[in-house]
Amino acid sequence: MSNENKSIHDFDFNLICEYFSSVERQGPGSPEVTLKALSFIDNLTDSSCIADLGCGTGGQTMTLAGNVPGQIIGLDLFPEFINIFNRNAEQLNLSDRVKGITGSMDNLLFEKESLDLIWSEGAIYNIGFERGLNEWREFLKTGGYVAVSEASWFTNERPDEIHDFWMAHYTEIDTIPNKVAQMQNAGYIPIATFIIPETCWTEHFFAPCLKTQEAFLKKHAGSKTVEELIAGQRHEKELYDKYKEFYGYVFYIGKKI
Ligand code: SAH
């Protein structure tokens, strides 16, 4: 099908997918951080079932798979990410235990109380932290874990510029104690929280994106969508550099009771 037959929306959607497909991760994180979060989880065996929600192309899922027993299902809304995910799993000889499926985290088709662990790095914001924790809980076995990373404020007050930016993009950003209370209220024991290091943004996210941006702008010269997408990405990086002492991503690990 040529682009003429698609709506503008489809075309934009494909461009955004193409951009994010070409970087290793679609959000801040690192293998070390994935392993640190994993170190708080102690219930996994060969028969465990794990779901990675909003897995993207699966950077963190493959790290998980190399370090835990059991079956892992990666779920993402974008079919193109899932194609790349499954190709990666095959290349790493993990296809017998790691499968990517297309689907939405707000409409999970797992059996109730069937999962030992729900993982989600930089993705729960798509349905909101509280809603995600509340809705996903029923799919976990009692004693199962949830491990998610989420944008959080480090201080009670912050400059208007960064406050307004987040209010325009994700009003659920909150302080760490408030997020921990939300986790507890959703029926989990808060097991651990830690701030993911700056290098997860700079080295593992912004730097690979920067490399992609020039080539992507050239390839799609004249595309307003691409110009706006890249301008938005660059703005996000500038704000991070300026205000990183006020916010960041925090890992939250909880155990269903
Ligand atoms: N976990 C990956 C990707 C984070 S980016 C990483 O850390 O690199 C957020 C991901 O959530 C994207 O891959 C996006 O496609 C996915 N996503 C957005 N809305 C979703 C939904 N409703 N259900 C499932 N995945 C969703």
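Heads up: these notes are all about the structure in this document. Quick caveat, the model's predicted, so the values are computed rather than measured.

Calculation rules
Residues numbered from 1 in each chain as written. Predicted model: local features only at pLDDT ≥ 70, side-chain atom pairs only at ≥ 80, totals over all residues. Heavy atoms only, no water. Near = heavy atom within 4 Å. Polar contact = N/O pair within 3.5 Å; in protein donor to acceptor, adjacent residues only side chain to side chain. Areas by Shrake-Rupley, 256 points an atom, 1.4 Å probe, with all protein chains shown as cover. Nonpolar A, V, L, I, M, F, W, Y, C, P; charged D, E, K, R; others polar. Core = buried A, V, L, I, M, F, W, Y, C linked by side-chain atoms within 4.5 Å. Buried < 20%, exposed > 50% of the residue type's maximum accessible area, 1.4 Å probe, protein only. Helix = DSSP H or I, 4+ residues; strand = E, 2+ residues; numbered from the N terminus. Salt bridge = Lys/Arg side-chain N within 4 Å of Asp/Glu carboxyl O. Pairing = 2+ DSSP bridges. Right-handed = clockwise from strand over helix to strand, strands pointing away.

1. Thoughts on the site of the ligand
- As a matter of local geometry, the ligand sits amid 19 residues, with Arg-25, Gly-54, Asp-76, Met-105 and Glu-121 nearest to it.
- Between the ligand and the protein, one listed contact pairs an oxygen atom with a side-chain N or O atom of Gln-60 at 3.3 Å.
- Here a nitrogen atom of the ligand and a backbone polar atom of Leu-77 are 3.3 Å apart.
- A total of 570 Å² of accessible area belongs to the ligand in isolation, and the protein chains cover 92% of it.
- For the shell around the ligand, the class distribution of residues is seven nonpolar, nine polar and three charged.

2. Section: the nonpolar core
- In this structure, Trp-119, Trp-136, Trp-166, Tyr-247, Phe-251 and Ile-253 are the most contacted members of the largest nonpolar core, which totals 79 residues.
- Broken down by element, the residue count for this core peaks at seven residues, all from strand β5 (residues 140–153).

3. A word on the pattern of salt bridges
- A full pass over the atoms with the stated rule returns twelve salt bridges.
- Where Glu-228 meets Lys-224, a salt bridge forms, and the shortest distance between an N and an O atom there is 3.9 Å. Separated by four residues within a single helix, Glu-228 and Lys-224 lie in helix α9 (residues 224–243), roughly one turn from each other. Each member of the pair, Glu-228 together with Lys-224, is exposed.

4. As for the pairing of strand β3 (residues 98–102)
- Here five bridges tie strand β2 (residues 71–76) to β3, and the two strands are oriented parallel to one another. Across the sheet, the residue bridging to Asp-76 is Thr-102, located in β3.
- A crossover connection joins β2 to the parallel β3 through helix α4 (residues 79–91); in handedness this β-α-β unit is right-handed.

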